Amino acid sequence: MAERPIKLTIAALGGQGGGVLADWLIEIAEAEGYIAQSTSVPGVAQRTGATIYYLEFFPRAAAERAGREPVMALMPVPGDVDCVLASELAEAGRAIQRGLVTPDRTTLISSTHRSFAIGEKSAMGQGAVDTEQLVDLVRSQAKRLVLFDMEETAERNQSIISSVLLGAVCGSGVLPFRKQTFEDAVKKSGIAVKANLAAFEDACQRSQRGDSGFTGKTTPKLRQEVPAQARTPALQPLLDRVRRLPAAAQPIVLEGARRAIDYQDPAYAALFLDRVERIALLEERSADAGSYSLLEATARSLALWMTFEDTIRVADLKTRASRFVRVRDEIRADPGQLFGITEFMKPRVEEIAGTLPAGLGRWLLGSPRLSGWLRRWTGGKQIRTGTIGGFLMLHTLGGFKRWRRSTLRFQEENARIEEWLGRIERLAMDHYSLAVELARAQKLVKGYGETHERGWRNFTALVDQLDFLATRSDGAALLSRLQDAALADEEGQALAREIAAL
């Protein structure tokens with residue numbers, strides 16, 4: 001046979017309709033007089049892996065002329081794929097890594113949006129793949145590139161990304177099939193036809209225009225204007241205190257005060273401002289007066305630390321009306337349509353003790369017998385917040401924030417914050433840059449449960465090196481390097497190696 005099959009690969013995430021897209025393409029090819037074959041290799045559930053669909057199309061007329069059926073492959077071969085469809089930018093990068101995209105042959109059609117993998121979300125530090133580097137990679141490897149935000153196109157048309165990918169394929173002209181046949185396949189499915197056709201047409205036009213020129217770069221957000229008037233008279237004194245601080249730090253401090261109010265109450269925001277003002281006084285007396293690097297770093301870290309995650313905070317966030325609205329929007333539920341949310345929770349004895357009054361919590365942790373008995377009942381729990389019982393359980397726990405100051409966890413974190421601020425104050429006059437890095441090191445302490453324990457262990461290991469680092473002219477740079485090492489792995493092995501090398 002002189003002719004060769006058209007070879008197409010789809011890399012789609014769970015829930016994005018990759019199977020639907022493959023079925024559409026098979027139906028279109030057969031309607032156009034082509035022999036079509038499709039295979040798939042499923043990934044792990046949802047975003048931990050993608051499903052790879054591989055399709056080949058061969059003209060039936062050519063097969064009949066040759067008097068035999070074509071032999072088609074079951075899996076894509078590196079360097080032998082005509083078109084790759086990627087429903088997300090990182091999946092385009094993975095297709096390139098597998099050798100499925102080549103500059104002399106492959107048309108790459110990809111969305112520019114990111115759906116972060118589990119590894120990116122759970123990283124101790126900034127685990128997300130650099131979008132700009134991904135874009136540079138896909139630009140350098142494909143013969144032809146169609147690149148735009150397909151998720152935004154789907155949402156704008158109240159559709160799903162599979163219909164957008166179908167439109168992009170049609171508009172690219174990589175398949176020798178009529179546009180009407182594409183549209184007929186969508187209509188024949190009978191599911192959300194109007195929305196899917198709208199998304200199809202939108203994407204088809206975008207694809208015909210070619211690469212959108214997306215670079216992966218984002219426009220920096222303008223610094224927030226600090227208002228002169230608070231929302232209520234009771235909050236005006238807090239806003240006035242924010243406005244008396246150096247202008248460079250006001251936006252950060254304002255967000256920190258808002259976060260503290262949301263987390264606890266205005267009195268807690270006042271405590272936040274008390275602590276920020278202590279650092280502001282240091283800035284005025286330091287040799288680096290005017291840079292405000294220490295003030296900005298401390299304010300940002302302090303706002304995060306003072307609003308640490310505990311069981312009360314988690315329960316509060318999970319039962320807010322805004323969360324139900326967001327979930328409804330994400331799943332595109334119709335007005336009046338019922339939906340449910342199931343929370344998967346696994347509180348440890350330590351989290352339970354941390355929620356109790358300090359004395360009672362210490363007694364619980366100090367009793368091996370009681371802790372061991374309670375640990376038997378702290379396995380994974382599934383709580384349906386869409387039910388009255390499940391909602392009331394978490395809503396009641398979230399309401400405990402009025403007593404948060406008396407809990408064991410609050411008192412422990414409050415003491416740690418004061419010790420951290422004290423160290424910053426002692427370092428600031430003679431070792432300003434080192435104090436700035438200590439302020440930034442708070443990023444190691446986050447989350448709750450085992451995540452928080454690991455972060456606190458690494459943070460403590462860094463703090464133990466401060467006296468030595470203060471004797472070094474490059475102490476600030478070394479502390480920054482130790483932070484990077486602490487974020488490199490969860491178990492702290494990289495950090496231990498860096499400390500040993502000091």
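Right, let's walk through the structure included here. Here the structure is a predicted model, which means the values were calculated and not measured.

The next thing to look at is the overall build of the protein chain. A count of helical and extended segments in the protein chain gives 25 helices and eight strands. In terms of its C-alpha atoms, the protein chain occupies a principal-axis envelope of roughly 85 × 55 × 50 Å. Counting across all 502 residues of the protein chain, residues that qualify as buried make up 48%. Nonlocal contacts in the protein chain, meaning residues at least 24 apart in sequence, comprise 70% of its contacts between residues at least 6 apart. For the protein chain, the accessible surface area stands at approximately 25300 Å², while carbon and sulfur atoms represent 53% of it. One finds the centroid of the 66 positive side-chain charges in the protein chain at a distance of 3 Å from the centroid of its 63 negative side-chain charges.

We now examine the sheet that holds strand β1 (residues 6-13). Pairing between sheet strands relies on hydrogen bonds along the backbone, with the strands arranged either parallel or antiparallel. Strand order in the open sheet formed by six strands is β2-β3-β1-β4-β5-β6, with mixed pairing between adjacent strands. Strands with a single pairing partner mark the edges of an open sheet, and in this sheet they are β2 (34-41) and β6 (144-148). Each neighbouring strand pair of the sheet contributes to a mean axis angle of 10°, computed without reference to strand direction. As paired strands, β1 and strand β4 (residues 83-86) are joined by four bridges and run parallel to one another. Within the sheet, the bridge partner assigned to L8 lies in β4 and is C83. Helix α7 (residues 161-172) contacts β4, β5 (107-111) and β6 of the sheet and is inclined by roughly 145° relative to β6.

What follows concerns the pattern of salt bridges. For the structure shown, the criterion picks out 34 salt bridges. Two residues, D310 and R404, come together in a salt bridge whose shortest N-O distance is 3.0 Å. Of this pair, D310 sits in the loop between α13 (293-306) and α14 (311-318) while R404 sits in the loop between α19 (388-398) and α20 (408-428), and the two are 94 residues apart along the sequence. The burial state of D310 is the same as that of R404; both residues are buried. One salt bridge connects R375 with E350, and the closest N-O pair in it is separated by 3.8 Å.

For the structure on display, the rule yields 13 aromatic pairs. Look at Y263 and Y268: their rings are 5.9 Å apart centre to centre, the planes differ by 25°, and that puts the pair in the stacked class. Note on accessibility: Y263 and Y268 belong to one class, buried. Considering the side-chain rings of F400 and W403, the 5.8 Å spacing of their centres and the 65° angle between planes classify their relative orientation as edge-to-face. Taking the relative accessible area as the measure of exposure, F400 reaches 33% and is therefore partly exposed. What links up through ring pairs into an aromatic cluster is the set Y263, Y268, F308 and F410.

So, how was this worked out
- Residues numbered from 1 in each chain as written.
- Predicted model: local features only at pLDDT ≥ 70, side-chain atom pairs only at ≥ 80, totals over all residues.
- Heavy atoms only, no water.
- Helix = DSSP H or I, 4+ residues; strand = E, 2+ residues; numbered from the N terminus.
- Buried < 20%, exposed > 50% of the residue type's maximum accessible area, 1.4 Å probe, protein only.
- Contact = heavy atoms within 4.5 Å.
- Areas by Shrake-Rupley, 256 points an atom, 1.4 Å probe, with all protein chains shown as cover.
- Lys, Arg positive; Asp, Glu negative; His and termini not counted.
- Charge placed at Lys NZ, Arg CZ, Asp CG, Glu CD.
- Pairing = 2+ DSSP bridges.
- Axes fitted to C-alpha atoms, helices over the stretch in contact; angles between N-to-C directions.
- Salt bridge = Lys/Arg side-chain N within 4 Å of Asp/Glu carboxyl O.
- Phe/Tyr/Trp six-rings, centres within 6.5 Å; stacked < 30°, edge-to-face > 60°.

Note that all results are geometric; they support no functional claim without further evidence.
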